[in-house]
2 protein chains.
Amino acid sequence: MVPTRARLKLLRSLRRRDARRREGLYLVEGRRLVEEAIRSGAAVEEVLASHAFDDEALLTAAAAHRIRIERIAARDVERISDTKSPQGILAVVRSVPGGAPPLREAGLHLALDGVADPGNVGTLVRAADAFAARSVLAGPACADFENPKVLRAGMGSTFHVALHRTEDLAGHLSEEGIRVVAATLDGRDALSVGPWEGACCLVLGSEAHGVSEAVRRVADEELTVPCPGRAESLNVATAGAILLFLLSGRRKGDP
Amino acid sequence: MVPTRARLKLLRSLRRRDARRREGLYLVEGRRLVEEAIRSGAAVEEVLASHAFDDEALLTAAAAHRIRIERIAARDVERISDTKSPQGILAVVRSVPGGAPPLREAGLHLALDGVADPGNVGTLVRAADAFAARSVLAGPACADFENPKVLRAGMGSTFHVALHRTEDLAGHLSEEGIRVVAATLDGRDALSVGPWEGACCLVLGSEAHGVSEAVRRVADEELTVPCPGRAESLNVATAGAILLFLLSGRRKGDP
């Protein structure tokens, strides 16, 4: 069935955050991400494939999950797509309402306090997934988890980790029973971080201004990755991954 | 002096790698990077500022380094610039001929075996700088150090670390006296890396295929960042930064 002009316009609008919020839908592009969305049980409403798209394994996987597959013109894929050379495959995915962030659940969590660059947010979700974090919580002014660039940098990890957003990051972090570790430029040497148990949430601040004052006030501890060289600081995704790596290795009771 | 059309065309062509190689020049954009280029003693030939540009401290620093400052129209800045909202300031910098890579000099070095994404290359140069690496060596198929996106992600670190490129990465790495550590997906647990002294070079492979066979053959050791979670792997810049961090902490004789 050829999609109507109105339908194409709606799909194309999903590049914008306001449209994604309004429709409760977002787009996933490319063979690898669409496959990962299906495999991970994301709420895929529909797969759109160009007539030339011939990855039968992917189409079979979609059919096995009872996902509708619509064939559309390559030109229409290009119109909808966020990339310059789309691979002829897209999925329309329903946003999952977040609910309360599970910060008090035992394990490692990550919170983003204004991380604005979508590449950084995606890379951090991928690192959180790699180091077995339970959830990622985004405060105000963060790039949207459903932003196409976040999805690409996330390499499928956005479908693995529980993702939440909140307008009141400091409020959630100040609940009892969560050890809050803030990454700052003048904290304790991260290598000295001791063993922990229960729930631990690492907070990373914005690229320009770091962790906000409100969040610093509720943090139990501030950690810094020591940089003996000349660079003033590390990229937030780099520093965050090093801290997730160190914290994940210091969890009590792990083998 | 108003730049001629031919001059503008030449400057604009420097977005392309072939033109940069031919002219031996590249462009640095934006207040922060231009300042860092001047302060670090990069071979700045000229600073181009729009008529409205009024950061007197930066212009004074350029003048103190006897760098010519040319005022040009904002429209011309936009024509030359790689960014959508240029800050009205550019520097024309002469490429420094690389010479032989200093891999045998005592300390930590980084080699890139086909890291193609400019954001990754820039982030890795920044991490190499932060962890006091002596040099970064790029093999074939790497993003160019003078690529505007590499410069932006490098945040000034491209002016601090010795940067080299080679067509024969495995050849340079196989020289005597260099401990070569390759990052792979099935190496030894990176946390177990022992102390080292002398010259140590970490090699990171391409985003899609990892370290090449030729380089693996000359490596003394393969290390992997353990990922207990579901993500199959880390982004190369993330994994590289964690390994640089660990290696920089295990250098013998460091405080």
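In what follows, the accompanying structure is described. Keep in mind that this is a model prediction, so the values were computed, not measured.

Okay, the overall build of chain A next. Per the secondary structure count, chain A includes 10 helices and 10 strands. Over its C-alpha atoms chain A spans a radius of gyration of 20 Å, differing by no more than 12% from the 18 Å that the globule rule assigns to 255 residues. In terms of overall dimensions, chain A has a C-alpha envelope of 60 × 35 × 35 Å along the principal axes. Evaluated residue by residue, chain A yields a buried proportion of 54% over its 255 residues. Pairs at least 24 apart in sequence give 76% of the contacts found in chain A among residues at least 6 apart. When the accessible surface of chain A is split by element, carbon and sulfur atoms take 49% of a total near 11,700 Å². Where the 34 positive side-chain charges of chain A centre and where its 34 negative ones centre are 5 Å apart.

A few words now on the sheet that holds strand 8 (residues 178-189) of chain A. All names here are of chain A. Strand order in the open sheet formed by six strands is 7-6-5-9-8-10, with parallel pairing between adjacent strands. The sheet is open, and its two borders are formed by strand 7 (162-165) and strand 10 (221-224), each paired with just one other strand. Ignoring strand direction, the axes of neighbouring strands in this sheet form an average angle of 30°. Bridging between strand 5 (residues 107-113) and strand 6 (residues 135-138) involves four bridges; their strand directions are parallel. Along strand 6, the bridge assignment pairs L112 with A138.

On to the pattern of salt bridges, then. The final tally for this structure, using the stated rule, is 38 salt bridges over all chains. For A:R68, the salt bridge is made with A:E46, and the minimal N-O distance between the two is 3.3 Å. Here the residue A:R68 occupies a position in strand 3 (residues 68-72), and A:E46 occupies one in strand 2 (residues 44-50), the gap between them amounting to 22 residues. Judged by its relative accessible area of 52%, A:R68 is exposed. B:E222 is paired through a salt bridge with B:R216; the nearest N and O atoms lie 2.9 Å apart. Accessibility expressed as a relative area gives 21% for B:E222, which makes it partly exposed. One salt-bridge network, in which partners are shared between bridges, spans A:R20, A:R21, A:D144 and A:R165.

Right, let's talk about the interface of chain A and chain B for a bit. Taken together, the contact between chain A and chain B spans 30 residues of the former and 29 residues of the latter. Between chain A and chain B, a total of about 2,400 Å² is buried, with carbon and sulfur atoms accounting for 65% of that surface. Looking only at chain A, the three residues that lose the most surface to chain B are A:R126, A:R230 and A:F245, adding up to 24% of its buried area. Across the chain A-chain B interface, the total number found is zero salt bridges. There are 10 residue pairs in polar contact (both at pLDDT 80 or more) connecting chain A and chain B. Within the residue set of the side of chain A that touches chain B, elements represented by two or more residues are helix 3 (31-39), helix 6 (118-130) and helix 10 (236-249) of chain A.

Of the transformation superimposing chain A on chain B, the axial component is 0.0 Å and the angular component is 180°, with the fit at an RMSD of 0.0 Å. What the superposition gives is, in effect, a two-fold axis relating one chain to the other. In this assembly the copies share their binding face: 97% of the residues contributing to the interface of chain A also contribute to that of chain B.

A word on the side chain of B:E29. All names here are of chain B. Residue position: E29 is located in strand 1 (residues 25-29). Summary of buried charges: E29 has no salt-bridge partner, and the nearest side chain of opposite charge, R152, is 5.3 Å away. Among the polar contacts made by the side chain of E29, one reaches the side chain of S81 at a distance of 2.6 Å. Within polar-contact distance, the side chain of E29 engages the side chain of T83 at 3.3 Å.

Quick look at the nonpolar core now. Core analysis: the biggest nonpolar cluster contains 82 residues, and A:L110, A:L112, A:I242, B:L110, B:L112, B:L204 and B:I242 have the highest contact counts within it. Among all residues touching B:L204, those that are not within four sequence positions of it are B:L110, B:A111, B:L112, B:D113, B:V115, B:L124, B:A183, B:V211, B:V236, B:G240 and B:L243.

What counts and what doesn't
Residues numbered from 1 in each chain as written. Chains lettered and ligands numbered in written order. Predicted model: local features only at pLDDT ≥ 70, side-chain atom pairs only at ≥ 80, totals over all residues. Heavy atoms only, no water. Helix = DSSP H or I, 4+ residues; strand = E, 2+ residues; numbered from the N terminus. Rg over C-alpha atoms; globule rule 2.2 N^0.38 Å. Buried < 20%, exposed > 50% of the residue type's maximum accessible area, 1.4 Å probe, protein only. Contact = heavy atoms within 4.5 Å. Areas by Shrake-Rupley, 256 points an atom, 1.4 Å probe, with all protein chains shown as cover. Lys, Arg positive; Asp, Glu negative; His and termini not counted. Charge placed at Lys NZ, Arg CZ, Asp CG, Glu CD. Pairing = 2+ DSSP bridges. Axes fitted to C-alpha atoms, helices over the stretch in contact; angles between N-to-C directions. Salt bridge = Lys/Arg side-chain N within 4 Å of Asp/Glu carboxyl O. Buried area = accessible area lost by both parts, 1.4 Å probe. Polar contact = N/O pair within 3.5 Å; in protein donor to acceptor, adjacent residues only side chain to side chain. Least-squares fit on C-alpha atoms with pLDDT ≥ 70 in both. Core = buried A, V, L, I, M, F, W, Y, C linked by side-chain atoms within 4.5 Å.

Just geometry here; none of it tells us what the structure is for.
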